Amino acid sequence: GDDILSIAHEYDVDLEGACEGSVACSTCHVILPEEYYNLLPEPEDDENDMLDMAFGLTDTSRLGCQVK
Ligand code: FES
């Protein structure tokens, strides 16, 4: 895949992805720079639901597996 989670794994970045991209966990939580966050389409409802459970949620948080 070409989402942030897959790319992180390709480069040996230690980002977890417990549910392997099925939007059933928040272990792939990433905090993005605002400039980048603003370029992305809004998160879907299922992503927002999981983000609400992420540790240290910020205004520019996303689930890494959902961001391409
Ligand atoms: Fe579980 Fe992204 S890997 S929501």
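Here is what the cut-offs are and how they apply
Residues numbered from 1 in each chain as written. Predicted model: local features only at pLDDT ≥ 70, side-chain atom pairs only at ≥ 80, totals over all residues. Heavy atoms only, no water. Helix = DSSP H or I, 4+ residues; strand = E, 2+ residues; numbered from the N terminus. Rg over C-alpha atoms; globule rule 2.2 N^0.38 Å. Buried < 20%, exposed > 50% of the residue type's maximum accessible area, 1.4 Å probe, protein only. Contact = heavy atoms within 4.5 Å. Areas by Shrake-Rupley, 256 points an atom, 1.4 Å probe, with all protein chains shown as cover.

Caption draft 1: Representation of the overall build of the protein chain. Looking only at helices and strands, one finds three helices and two strands in the protein chain. Secondary structure of the protein chain in N-to-C order comes out as α-β-α-α-β. The C-alpha atoms of the protein chain give 11 Å as radius of gyration, which agrees with the globular expectation for 68 residues (11 Å, within 12%). For the protein chain, the C-alpha atoms occupy an extent of roughly 25 × 25 × 20 Å along the three principal directions. Burial analysis of the protein chain (68 residues in total) assigns 40% to the buried set. Look at the contacts in the protein chain between residues 6 or more apart in sequence, and 59% of them connect residues 24 or more apart. With the model as given, the accessible surface of the protein chain reaches about 4,600 Å², and the carbon-plus-sulfur share is 49%.

Worth remembering: the numbers are spatial, not functional.
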